[in-house]
Structures are given as structure tokens and as C-alpha cells.
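# Topology and contacts: notes
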Amino acid sequence: MNILKEVSLKAYNTFGVDVYAEQFVHIEQEKDLIQLYEGGWLDRDKRLFLGGGSNMLFVRNYDGLIVHMAIKGITHRILEESIEVKAAGGEVWHDLVCYCVERGFGGIENLSLIPGTVGAAPVQNIGAYGVELQDFFLSCRAFELTTGTFKVFYKEDCQFGYRDSIFKGAQKGKYIITEVNLLLPKKSILNTTYGAINEELNNRGLTHPTIKDVSEVVSSIRQGKLPDPGTIGNAGSFFKNPVVSEDTFRTLVSDFVDIVYYPFGPNQYKLAAGWLIEQCGWKGKTVGNVGTWKNQALVLVNHGKATGLEIYEFSEAIIDSVKKRFGVCLEREVNVIDL
Ligand SMILES: Cc1cc2nc3c(=O)[nH]c(=O)nc-3n(C[C@H](O)[C@H](O)[C@H](O)COP(=O)(O)OP(=O)(O)OC[C@H]3O[C@@H](n4cnc5c(N)ncnc54)[C@H](O)[C@@H]3O)c2cc1C
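The structure displayed is predicted, hence computed values, not measured ones. (Residues numbered from 1 in each chain as written. Predicted model: local features only at pLDDT ≥ 70, side-chain atom pairs only at ≥ 80, totals over all residues. Heavy atoms only, no water.)

### Here we look at the site of the ligand
Around the ligand there are 33 residues in total, and Phe-49, Gly-51, Ser-54, Thr-117 and Ile-177 lie nearest to it. Here an oxygen atom of the ligand sits 2.9 Å away from a polar atom, N or O, in the main chain of Gly-53. Those elements giving two or more residues to the shell around the ligand turn out to be β3 (47–50), β8 (127–128), β12 (175–185) and β13 (233–237). Class assignment for the residues of the shell around the ligand results in 16 nonpolar, 14 polar and three charged. (Near = heavy atom within 4 Å. Polar contact = N/O pair within 3.5 Å; in protein donor to acceptor, adjacent residues only side chain to side chain. Helix = DSSP H or I, 4+ residues; strand = E, 2+ residues; numbered from the N terminus. Nonpolar A, V, L, I, M, F, W, Y, C, P; charged D, E, K, R; others polar.)

See below:
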């Protein structure tokens, strides 16, 4: 294990922002973490876990230690009524989806093509097309920085919510996830309730779709809708869809009849942040090196040479205009490092 110095993070964040980390280390096996702990490296006030950097916005050079999760490996075991799949934190999330799809293990096919690593998936309880990680999450193994020991978090310990978990809340920055265990049903039921999936399955004439069909359809919808970070820097949805109370919702609906929303739990509604942003005239708009994606205003893009600060300031302007027009406060989904 090598502690590298002055490492460019350009290839380690999907916005492609060119900043440097003072120190950088790849974790390829669990014992690297013990070694870091015993060497006192984790005592630094400033240390940051990094997976694929697909949910990060670096606004300046990072004057601390970046701990890059790179442990690999996927295995499974067949139980009586379910299948337990174990994946190391540094595996690419989509590779885990493919592992399951190829073997006919259903459950996470709707989460196809979400960028990033397995270890980061529980942090924001990744979700797409009506499925969230928590639906199939059994447990994860995590290394506690202050004690140098490993702990298992079961689903009930993780406080999963919409793009949220204990790893973003009370335990933020305290544990690095080295392994995730999923529990998939042997007889899985396809979730094709999302309009776009149904429509695409029909277009392809797939009346009895398989797990693989759904995975392919989800991948193709995503490719059509979202910019490829390999070509144009972005971090997917930059903001969360805001959740509002029944009262706020009623007022908004009477003022803006075509507002896009989804019922969300008792007396709560989730508003489509993309719609709110679009109504403020931001869709496809570019200021300097930053813009919103032409097909989806929720996605901020780096047109080539944007700095993290430029992207951040652009996002502030969006938040301000949505607040002024709708009285709704947008919250960033992307982690801003290091304001
Ligand atoms: C084009 C595009 C589309 C996207 N679509 C979706 C989507 O549909 N649904 C969705 O939920 N997300 C989506 N995202 C966001 C992103 O893919 C997820 O948040 C993903 O889980 C981030 O993984 P990562 O490895 O890149 O994490 P990073 O960006 O490296 O890190 C994200 C956070 O997790 C922490 N972290 C990383 N690894 C670990 C670890 N092993 N242990 C503890 N903490 C860790 C980091 O410190 C940071 O706080 C999209 C992003 C892009 C670029």
C-alpha cells in the first residue's frame, strides 16, 4: 500500500473537475485499512472516502487524505428461498447488476447502469425506476476509523430513506464500507410499473419480459436520457426531488396546475425538481463552462473546463430562482467537497 502525493482527481470524479489531492491511497484489501489505521494516517482531520466519484463535486484542491475504495470480488450462495450475493466495496455497481442478471437473479435490474461503486450504494440508498437498494439490502461490512475495527450494519441499522442513510447522517465519514450483502428472492417479480419501462418493453414487443430484458430496457432509457460522463462531465441528478407537506402541496397545485409530483408517504408529496428548474428557464442553458443538460434540467454538466466553484455557483443560482418562483428549497444530492 502506497500513500501517493499530489494526485490529480480529474479521472476520479465524473464532473471531470481538475483538482489535486494532497495524499491519496488505493484500498485493495481490507488489511490496507488496518495498516492505515496502525500507521496513524486516519488520525488526520481531513480524510475522504472515494468510490467512482460520480456523486462528488470538488470545489477546490483537497488538502487531506483521499481513501479510494478498490477492493474487488463478487460471490453468491443459494439459500432455500433466496440468494445471498456478496460484493466488495470497490466493485463497479453495474458489474454487480450484470453478475445478477447473467445468472437470472432478479431484483436489482432496475438499478442497471447507475455509475459508481458497490461501497457507495448504501450511502445514498441508490434508487431508480421504482427500486431502491434498501429493497434488497441485507447488510454491509464497514471499517470504523476511530477504533480500527470492522462492524456489520444490518438493514434496520442503516436508517435508509430517500437518497439517504445513516452513512450520510449521524455516521457520516466514520465508516468505510468494504462489502455489501444483498438478499434476492429466488422467485423475483419484475417491477415494470414505471411508465417509461412499460412503454419501451411494448415498443420492443416484449410481452413476457425477462430480467435481462428489463435490465437492457432500463440501460437504453438511461442512455437516451442522461449524458455519458465519459463524454460530458456530470454527476447525474444534481438536486434531490423536494418532499413537501400536504398544505404546501395544495397551495402549489392551485398556483401551478401542471406541476409534476408523486405521492410520497402519508401527507407528503415529492415534486419533480427537474420540472421546477425547467419552469425557471434553466433547461439547456449554459453560463460560461457550466450548463444544464438539454434533455434534463436536473443534470448539471461541465462543458469542458468548468471549475468546481463555477458549477457550485451555477447550482446556487438555480436554487435561488426555484426558491423565488415556487417558495421551494432545493437540496443538493451531490456531495460538495470542500466548501
Ligand atoms: C450519469 C449519472 C447518473 C446517475 N444516476 C443515479 C440514479 O439513477 N440513482 C442514484 O441513486 N444515483 C445516481 N447517480 C449518482 C451516483 O451514481 C450514486 O450516488 C453512486 O452511488 C455514487 O457512487 P460512487 O462510487 O461514485 O461514490 P462517490 O461519488 O465516490 O462518493 C459518494 C459518497 O459516498 C461516500 N463513499 C464512497 N465510497 C464509500 C465507501 N466505500 N464507504 C463509505 N462511504 C463511501 C463518499 O465519501 C461520498 O460521500 C448518478 C450519477 C451519474 C454520474
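### Here we look at the environment of Gly-224
Relative to the helices and strands, Gly-224 is located in helix α4 (residues 211–225). Residue classification places Gly-224 among the exposed residues on the basis of a relative accessible area of 56%. Gly-224 sits 71 residues away from Asn-295 along the chain, and the two C-alpha atoms are 9.0 Å apart. (Buried < 20%, exposed > 50% of the residue type's maximum accessible area, 1.4 Å probe, protein only.)

### Considerations on the domain arrangement of the protein chain
What the domain assignment lists for the protein chain is domain 1 (4–69), domain 2 (74–185) and domain 3 (233–337). A C-alpha centroid distance of 21 Å is found between domain 1 and domain 2. With 13 residues of domain 1 at the contact, the number on the domain 2 side is 19 residues. For the domain 1 and domain 2 pair, buried surface summed over both sides reaches about 1,400 Å², with 69% attributable to carbon and sulfur atoms. Where domain 1 touches domain 2, the interface holds one salt bridge. Between Glu-30 and Arg-141 there is a salt bridge, with its nearest N and O atoms 2.7 Å apart. Taken together, the connections running from domain 1 to domain 2 amount to five residue pairs in polar contact (both at pLDDT 80 or more). Elements that contribute at least two residues to the side of domain 1 that touches domain 2 include exactly α1 (30–38), β3 and β5 (62–69). No other element matches α1, which puts four residues into the side of domain 1 that touches domain 2. (Domains from an automatic or database assignment. Contact = heavy atoms within 4.5 Å. Buried area = accessible area lost by both parts, 1.4 Å probe. Salt bridge = Lys/Arg side-chain N within 4 Å of Asp/Glu carboxyl O.)

### Here's the deal with the pattern of salt bridges
The tally for this structure, following the rule as stated, stands at 13 salt bridges. The partner of Glu-22 in a salt bridge is Arg-44, and the shortest N-O contact between them spans 3.2 Å. Taken together, the positions of Glu-22 in strand β2 (residues 20–27) and Arg-44 in the loop between α1 and β3 put the pair 22 residues apart, joining distant regions of the chain. Residues Lys-240 and Glu-331 are paired through a salt bridge, measuring 3.4 Å at the closest nitrogen-oxygen approach. Linking Lys-240 in the loop between β13 and β14 (243–245) with Glu-331 in the loop between α7 (308–326) and β20 (335–337), this pair joins segments that are 91 residues apart in sequence. For Glu-331, a relative accessible area of 48% translates into the label partly exposed. Each member of the salt-bridge network shares a partner with another, and the members are Lys-46, Asp-63 and Asp-338.

### Overview of unusual backbone geometry
Omega for the bond connecting Ile-337 with Asp-338 falls within 30 degrees of zero, at 20°, which places this linkage in the cis form. Mapped onto the elements, Asp-338 comes out in the segment after β20. Positive phi values are uncommon outside glycine, yet Gln-159 reaches one of about 50°. Examined against the element boundaries, Gln-159 turns out to sit in the loop between β11 (149–154) and β12. Relative accessible area serves as the criterion here: at 54%, Gln-159 is assigned to the exposed category.

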